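Each chain is listed here by its residues.
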Amino acid sequence: MLKAKHHFFIYPMFKCLTKILLKRNFNKCIINGEFEDNGKSVLVISNHVSWWDGFWIMHLNLKLLKRRFHFMMLEEQLNKHWYFQYSGGFSVKKKSRSILETIDYTAELLSSNENMVLLFPQGEIKSVYDRNIKFEKGVERILMKSPSETQILFVVNLIDYFSQKKPTLYMYINTLHKTIRSVDFLEKEYIKFYSEAINKHIANV
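Structural notes, computed from the coordinates.

What counts and how
Residues numbered from 1 in each chain as written. Predicted model: local features only at pLDDT ≥ 70, side-chain atom pairs only at ≥ 80, totals over all residues. Heavy atoms only, no water. 1 Å grid on protein atoms, 1.4 Å probe; cavity = no way out; pocket = protein on both sides within 12 Å on 5 of 7 lines; lining within 4 Å. Points joined across faces, edges and corners; volume = space filled by probe spheres on them. Helix = DSSP H or I, 4+ residues; strand = E, 2+ residues; numbered from the N terminus. Nonpolar A, V, L, I, M, F, W, Y, C, P; charged D, E, K, R; others polar. Salt bridge = Lys/Arg side-chain N within 4 Å of Asp/Glu carboxyl O. Buried < 20%, exposed > 50% of the residue type's maximum accessible area, 1.4 Å probe, protein only. Axes fitted to C-alpha atoms, helices over the stretch in contact; angles between N-to-C directions. Parallel < 35°, antiparallel > 145°, perpendicular 65-115°, else oblique. Left-handed = near helix turned anticlockwise from the far one by under 90°. Contact = heavy atoms within 4.5 Å. Expected span 1.5 Å × (residues − 1). Arc of directions from axis to C-beta. Pairing = 2+ DSSP bridges.

1. Comments concerning the layout of surface pockets
Link 1 in the chain: Approximately 950 Å³ is the volume found for the largest pocket.
Link 2 in the chain: At the level of elements, α1 (10-25), α2 (53-65), β3 (68-74), α4 (98-110) and α5 (138-145) are the ones that each hand at least two residues to the lining of the largest pocket.
Link 3 in the chain: By residue class, the composition of the lining of the largest pocket is 19 nonpolar, eight polar and seven charged.
Link 4 in the chain: Here the second largest pocket is characterised by a volume of approximately 350 Å³.
Link 5 in the chain: Along the walls of the second largest pocket sit 18 residues, with V128, Y129, L158, I159 and D160 positioned nearest its centre.

Written out as structure tokens, the structure reads:
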């Protein structure tokens with residue numbers, strides 16, 4: 001597998017590019033919810049709806065989490081977009097024995113309080129309107145091997161234009177406090193939060 005690196009030039013450039021792209025392409029970026037930081041590592045579980053997702057979570061990291069950024073990416077995509085490896089990207093190859101190495105590596109990253117790891121548990125881009133969310137089994141294996149103090153942060157990203165030329169990004173976040181972390185439980189809790197986020201969004205915008 002390809003392990004994450006944080007190049008002395010490319011990684012800061014990625015953070016800077018995130019700020020520039022969001023400022024140019026979005027009217028506003030609004031974070032709804034609170035992150036109750038206990039100082040430990042953070043596993044971010046987010047919906048995967050667009051090319052923008054990694055930049056959105058980097059924005060969240062710069063604003064709230066303030067950790068060293070890591071994200072799991074399909075191996076063929078990481079080979080194609082090699083520069084992401086130097087910005088915290090590491091590879092996963094589905095239906096391969098190397099996936100066990102990826103799981104162990106992810107848990108190793110979460111053993112350091114300085115790190116955060118972004119996962120898209122659906123494994124592929126889906127419509128923002130699709131609430132039929134299915135988590136892949138690897139998420140549970142990662143949590144079984146990770147420190148029990150690892151913070152789990154749910155993120156639901158939604159966008160709306162209304163009368164503006166540029167869309168507004170709405171990031172709904174919620175910290176999972178419960179200790180039960182099976183994949184079925186996580187999936188159920190995330191779907192519940194996803195529905196709550198959409199209902200809150202419709203009621204308040």
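2. Focus on the pattern of salt bridges
Link 1 in the chain: Scanning the entire structure with this criterion turns up five salt bridges.
Link 2 in the chain: With a closest N to O distance of 3.3 Å, K145 and D104 form a salt bridge. Pair noted here: K145 is in helix α5 and D104 is in helix α4, with a separation of 41 residues, a long-range link.
Link 3 in the chain: For D104, a relative accessible area of 38% gives the class partly exposed.

3. Focus on the packing of α4 against α5
Link 1 in the chain: Remark: α4 packs on α5, axes separated minimally by 8 Å, with the N-to-C direction vectors making an angle of 45°. As the angle between them shows, α4 and α5 are arranged oblique. In the crossing of α4 with α5, the sense of the turn from one axis to the other is right-handed. Within the contact between the two elements, α4 uses I103, D104, T106, A107 and L110 and α5 uses G138, R141, I142 and K145.
Link 2 in the chain: Residues of the contact of α4 with α5, tallied by class, amount to four nonpolar, two polar and three charged.

4. Comments concerning α1
Each α-helix winds once per 3.6 residues, and so residues spaced three or four apart point in a common direction.
Link 1 in the chain: The end-to-end C-alpha separation of α1 is 21 Å, in line with the 22 Å expected for 16 residues at 1.5 Å each.
Link 2 in the chain: Where α1 is concerned, the buried positions are I10, Y11, F14, T18, L21 and L22. Mapping the buried residues of α1 onto a view down its axis gives an arc of 110°, with all of them on the same face. For α1, the exposed residues lying more than 90 degrees away from the buried face are K19, K23 and R24.
Link 3 in the chain: Tucked inside the fold, the buried residues of α1 contact β1 (28-32), α2 and β3.

5. Examining the sheet that holds strand β5 (residues 115-119)
Link 1 in the chain: In spatial order, the strands read β1-β7-β6-β2-β5-β3-β4; together these seven strands make up an open sheet with mixed pairing. Either end of the sheet is taken by a strand with one partner, and the two such strands are β1 and β4 (89-92). On average, each strand axis in the sheet is tilted by 25° relative to the strand beside it, whichever way the strands run.
Link 2 in the chain: In this structure, strand β6 (residues 151-160) lies alongside strand β7 (residues 168-176), joined through nine bridges in antiparallel fashion. Across the sheet, the residue bridging to V155 is I173, located in β7.

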